[in-house]
Amino acid sequence: MTLYNRRRLAVGVTLIAALAAGVLPATGAHAAPAAPGAARETTPAPDMEGVSAALKAAMAQGAPGAMARFIGPDGIETRTLGVRDRESGAAMDIRARFRIGSVSKTFSSVVLLQLVQEGKLELDAPVNRYLPGLLPDDRITVRHLLTHRSGLWDYTNAMFEHTVPGFEAVRNRVFSHQELVDLSLKEPRTTEPGVSYQYSNTNFVVVGMLIEKLTGKPVATEYQRRIIEPLGLRNTSYVHPDVQITGLHVRGYLHPDEAGGPLVDSTEQTVSWAQSAGAVISNPTDLNLFVIALMRGKLLSPEMLEAMTTVTPTDTTNTRFYGLGLRRYNLSCGTQVYGHTGTVQGYYTYAFATRDGRRSLSAMANTSNKGSANTALGGTLEAAFCGKKPAAVTSSSARTGTPVLPAESDLAENR
Ligand code: REX
């Protein structure tokens, strides 16, 4: 073990001990101690009733269950609603594991940025320098992949055009990374390299290929030794192509395209269609730990964290942004949160933290292909990070017409 790894391990253990003991810096009052020279920020207490209402709304939109875990200066708050297993009727459980979908992209990005730190690759170098001949355009860089600006077509568009048949066709399939890239390259590219943000799972499949090429190890090994072990994430795993979620877990229920059709239990699947773009399993505690550790600089150097959190808009609302394998949402109260969303059959996930890593929310609902349930679940962010809304609407957003967080369902990528 290198000195750097030992240091990371020690830091991780300390962080976990602190979090486990519930001793994240407690201020009593909801005021974050300001960094020297920085303006003192007032931190609203989370509105846990609002969080519960958002979970309830996700259930009203068809999720069998939902849960959220918030950690902040005053400790940990959890809420669970509904069931984690429709057949047995087992209640949702805050400790239970589930499929986190694209939150996996942040894991992959961390691994790749560590490799940049180690001098194994350059962010602005062509992907083809490391994977000769893979891509049809030498201008596509590593940064283009991480920012979804490569123009590589998202092969999942065709794969899941028909939701349940598409899912059943790949549920037990094992793809190589190359096969997934080949599916993408069958279609024209969506943009010239670097021109615009076009969300595509293909980018993070290529990130997985880079990780494996540069380390000579499977992505599973790199997640394990660079993130899961140093942070002590006991409920996080990457078991591709195993289909089971081991231990206490949430069962996932996929909505069919036909309104009113029966939900499909989608728990068991290889997730081979996503791999390094979306196949990690985790739970609320570990997701909180991961995004907090990331924001507190426990996983990346200051330079790499700065690169990761440097964002560009993903739409015209000026509330949504993407960095390197990382989203930023600007909430209605002005708070900015960093993290990722995830959609994999049967599971919607949110894992976000403030930039100072003092507050974090993870939330999930055990359904998918139901945009309105995902939108409702997204309401947990506003409630958790912005706190109670004043009774009368006098906020500057109402006066100026600044958009609040827009509906998830209006984004094609939020299926
Ligand atoms: C695939 C289809 C969705 C899901 C997808 N998921 O691309 C990636 C992810 C891994 O998590 N992306 C999300 C299916 C959006 C993110 O980055 O936040 N939908 C479903 C359909 C639609 O099949 N016909 O909803 O389960």
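Here the structure is a predicted model, which is why all the values come from computation and not from measurement. (Residues numbered from 1 in each chain as written. Predicted model: local features only at pLDDT ≥ 70, side-chain atom pairs only at ≥ 80, totals over all residues. Heavy atoms only, no water.)

Draft legend 1. How the structure looks around the pairing of strand S11 (residues 327-330). Because side chains alternate across S11, one face comprises the buried residues Arg327 and Tyr329, and the other comprises Arg328 and Asn330, equally buried. Pairing geometry for strand S10 (residues 320-322) and S11, over 3 bridges, is antiparallel. Within S11, the residue paired with Tyr322 across the bridge is Arg327. Taken together, S10 and the strand that follows it, S11, pair antiparallel across an intervening segment of 4 residues, in which Gly325 is found at a positive phi of about 65°. (Buried < 20%, exposed > 50% of the residue type's maximum accessible area, 1.4 Å probe, protein only. Helix = DSSP H or I, 4+ residues; strand = E, 2+ residues; numbered from the N terminus. Pairing = 2+ DSSP bridges.)

Draft legend 2. Up close: the packing of aromatic side chains. Tallied over the entire structure, the rule returns 8 aromatic pairs. Ring plane angle 40° and centroid distance 6.5 Å describe the contact between Tyr350 and Phe352, whose orientation is recorded as tilted. Judged by its relative accessible area of 0%, Phe352 falls in the buried class. Ring-pair connections join several aromatic residues into one group, and the members of that group are Phe107, Tyr223, Tyr238 and Phe290. Against the face of Tyr253 rests Arg86, its NZ or CZ located 5.5 Å from the ring centre. The ring of Phe321 has Arg328 lying over it, and the distance from NZ or CZ to the ring centre is 4.4 Å. (Phe/Tyr/Trp six-rings, centres within 6.5 Å; stacked < 30°, edge-to-face > 60°. Lys NZ or Arg CZ within 6 Å of the ring centre and 35° of its normal.)

Draft legend 3. Structural detail: the packing of helix H3 (residues 103-117) against helix H9 (residues 201-215). At a minimum axis distance of 10 Å, the contact between H3 and H9 shows a crossing angle of 40°. Comparing the axis directions of H3 and H9 gives the class oblique. Our pair here, H3 against H9, has a crossing hand that is left-handed. Judged by residue contacts, Lys105, Ser108, Ser109, Val111, Leu112 and Leu115 of H3 engage Asn201, Phe204, Val207, Leu210, Ile211, Leu214 and Thr215 from H9. Among the residues forming the contact of H3 with H9, the class breakdown is 8 nonpolar, 4 polar and 1 charged. (Axes fitted to C-alpha atoms, helices over the stretch in contact; angles between N-to-C directions. Parallel < 35°, antiparallel > 145°, perpendicular 65-115°, else oblique. Left-handed = near helix turned anticlockwise from the far one by under 90°. Contact = heavy atoms within 4.5 Å. Nonpolar A, V, L, I, M, F, W, Y, C, P; charged D, E, K, R; others polar.)

Draft legend 4. Spatial organisation of the state of the cysteines. Evaluated as defined, the whole model comprises 1 disulfide. Residue Cys333 pairs covalently with Cys386 via a disulfide, S to S 2.0 Å. Between Cys333 and Cys386, the S-S torsion sits near -70°, and that sign places the bridge as left-handed. Within this pair, whereas Cys333 is found in the loop between S11 and strand S12 (336-344), its partner Cys386 is found in helix H13 (residues 371-386), the two being separated by 53 residues in sequence. Taking the relative accessible area as the measure of exposure, Cys386 reaches 9% and is therefore buried. (Disulfide = S-S within 2.5 Å.)

Draft legend 5. Structural detail: the environment of Phe321. Along the chain, the position of Phe321 falls in strand S10. Between the alpha carbons of Phe321 and Tyr197 there is a distance of 9.8 Å; along the sequence they are 124 residues apart.

Draft legend 6. Structural context of H3. Under the 1.5 Å per step criterion, the end-to-end length of H3 is 22 Å for 15 residues, consistent within 8% with the ideal 21 Å. Of all 15 residues in H3, 14 are buried, a share of seventy percent or more. Just downstream of H3 lies Gly119, where phi reads positive at about 75°. (Expected span 1.5 Å × (residues − 1).)

Draft legend 7. Up close: helix H10 (residues 219-231). Spanning 13 residues, H10 covers 17 Å between terminal C-alpha atoms, matching the ideal 18 Å at 1.5 Å per step. Every buried residue of H10 is accounted for by Val219, Glu222, Tyr223, Arg226, Ile227, Ile228, Pro230 and Leu231. Where H10 ends, the next residue or the one after it, Gly232, has phi of about 65°, a positive value.

Draft legend 8. The arrangement of the environment of Asn235 in detail. Along the polypeptide, Asn235 turns up in the loop between H10 and strand S6 (253-254). Using a relative accessible area of 22% as the deciding quantity, one classes Asn235 as partly exposed. Between the alpha carbons of Asn235 and Ala96 there is a distance of 8.4 Å; along the sequence they are 139 residues apart. If near-sequence neighbours (up to four positions away) are discounted, Asn235 is found in contact with Arg97, Ile281, Ser282, Asn283 and Asp286.

Draft legend 9. Structural detail: unusual backbone geometry. Here the amide bond leading from His240 into Pro241 is cis, since omega sits at 10°, within 30 degrees of zero. For Pro241, the location among the structural elements is in the loop between H10 and S6. Backbone geometry at Gln275 places phi at a positive 45°, although glycine is not the residue there. Examined against the element boundaries, Gln275 turns out to sit in the loop between strand S7 (264-265) and strand S8 (281-282).

Draft legend 10. Representation of the sheet that holds strand S3 (residues 65-72) in the model. One open sheet accounts for 8 strands, arranged S4-S3-S14-S13-S12-S11-S10-S9; its pairing is antiparallel. Edge strands, defined here as strands with exactly one partner in the open sheet, are strand S4 (75-82) and strand S9 (312-313). Where S3 meets S4, 8 bridges bridge the pair, whose relative direction is antiparallel. Bridge pairing in S4 links Ile71 to Ile76. Lying on the sheet, helix H2 (residues 48-60) is in contact with S3, S4 and strand S14 (360-365); it crosses S4 at an angle near 25°.

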